[in-house]
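Structure assessment
Below, each chain spelled out in residue letters.
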Amino acid sequence: MKECEICQALEFKAIIAQERMYGTGDIFKYMECSSCEALFLADIPADLSKYYPSNYYSFGPFNRSNALLALLKKLRYKAFSRGISFNSPVYYDWLSPLSLIPTSKIADIGCGNGQLLAEMAYSSFQQLDGYDPFVEEAFSSENFSIYKKDFFEIDQKYDLVMFHHSFEHLPNPVEVFEKLITILNPEGQVLIRVPVTNAQVWKEEHTYWFQLDAPRHLFIPNTKSMEILGDRFGLELFNTTFDSMDSQFWGTALYKKGKPLVGTNLEEIFSKKELESFSKKAKLYNKQKIGDQACFYFRKKTPSIPPSKFQ
Ligand SMILES: [Zn+2]
């Protein structure tokens, strides 16, 4: 790597990391940009599929709601959009900074089993597409479709493109943004939820950090990297919210103990009290903007209209 593809800085720090989720211990090298503080996996393995076995979490069982539950979900979202909130699922928070209507055309990149799209369909959204090259087969229902396609194969335009922890699994963030601006409608919006190197856990625990997740995370930005990417591609970063969770603490603690995530029972390792304190600490870190992941909200900048010559 000669220069940072995001900020063009020339200085990097090499970091040696291990695969820890499944405990294979395979070794990988990351390069950390000294300027925008993004991390890049050097020498991406040609075949990453061995690191996405069938028990990988995004392909867990799909939960369908019965008609009554579906109706309740519809009413709950209707109430939420009028400012009344009861038992709100977490994705309401992710959506709330966005301007959306039920007919907004929405894409979810790396949609896994499509659970989020199904939930959004229950909440009255009508034009929902998911993309995931790793799903078993394409799927289409009345309210949403899932395409077995790579992000770069998308040939439709959207009012909102969402990446819920999929951006860091794609190589070349600059190419992702290049493609992204071609699939956005005028005034199109982007939601990217991604781990960030602003994380205090990264600073303190380094390669034990749960969300370094070598080699599945090919790239991890800093808030600085995301600002630069938006600027370069005419996207206004209008909101950044930290939404990190307790996993940053228990996951990192597991890895320090040399235990893999898969096959480990958390309750056997941490007391209820410890787990509660992790949740509290995560909330505090989010307020302080030092949590280990964030939601970035971009919108297409509308070109300023030149003053008319005939005024
Ligand atoms: Zn950089």
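Structure's up top.
What comes next concerns the included structure. (Residues numbered from 1 in each chain as written. Predicted model: local features only at pLDDT ≥ 70, side-chain atom pairs only at ≥ 80, totals over all residues. Heavy atoms only, no water.)

This part takes up the overall build of the protein chain. Within the protein chain, the regular secondary structure consists of 9 helices and 12 strands. Each principal axis of the C-alpha atoms in the protein chain carries an extent, and together these give about 65 × 55 × 40 Å. Counting only residues that meet the buried cut, the protein chain has 48% of its 311 residues in that class. Contacts in the protein chain between residues at least 24 apart in sequence constitute 70% of all its contacts with a sequence separation of at least 6. Summed over its atoms, the accessible surface of the protein chain is roughly 16,000 Å², and 53% of this surface lies on carbon and sulfur atoms. Separation of charge centres in the protein chain, based on 35 positive and 38 negative side chains, amounts to 5 Å. (Helix = DSSP H or I, 4+ residues; strand = E, 2+ residues; numbered from the N terminus. Buried < 20%, exposed > 50% of the residue type's maximum accessible area, 1.4 Å probe, protein only. Contact = heavy atoms within 4.5 Å. Areas by Shrake-Rupley, 256 points an atom, 1.4 Å probe, with all protein chains shown as cover. Lys, Arg positive; Asp, Glu negative; His and termini not counted. Charge placed at Lys NZ, Arg CZ, Asp CG, Glu CD.)

It is worth spelling out the nonpolar core at this point. One finds Ile6, Phe151, Phe163, Phe167, Phe177 and Ile192 to be the most contacted residues of the largest nonpolar core, which totals 39 residues. Contributing elements (two or more residues each) for this core: strand E2 (27–33), strand E4 (105–109), strand E8 (158–164), helix H4 (173–180), strand E9 (184–195), helix H6 (223–232), strand E11 (235–242) and strand E12 (293–300). With near-sequence residues (within four places) excluded, Ile6 lies in contact with Cys36, Ala38, Phe40, Pro173, Val174, Phe219, Ser225, Ile228, Leu229 and Arg232. Among the nonpolar cores identified, the runner-up in size contains 29 residues, and Leu39, Leu218, Leu266 and Tyr285 belong to it. (Core = buried A, V, L, I, M, F, W, Y, C linked by side-chain atoms within 4.5 Å.)

This part is about the packing of H4 against H6. The N-to-C vectors of H4 and H6 enclose an angle of 40 degrees; their axes lie 10 Å apart at closest approach. One element, H4, and the other, H6, form an angle in the oblique class. The chirality of how H4 crosses H6 is right-handed. In this structure, H4 contributes Pro173, Val174 and Phe177 to the contact, and H6 contributes Leu229, Gly230 and Arg232. Residues of the contact of H4 with H6, tallied by class, amount to 4 nonpolar, 1 polar and 1 charged. (Axes fitted to C-alpha atoms, helices over the stretch in contact; angles between N-to-C directions. Parallel < 35°, antiparallel > 145°, perpendicular 65-115°, else oblique. Left-handed = near helix turned anticlockwise from the far one by under 90°. Nonpolar A, V, L, I, M, F, W, Y, C, P; charged D, E, K, R; others polar.)

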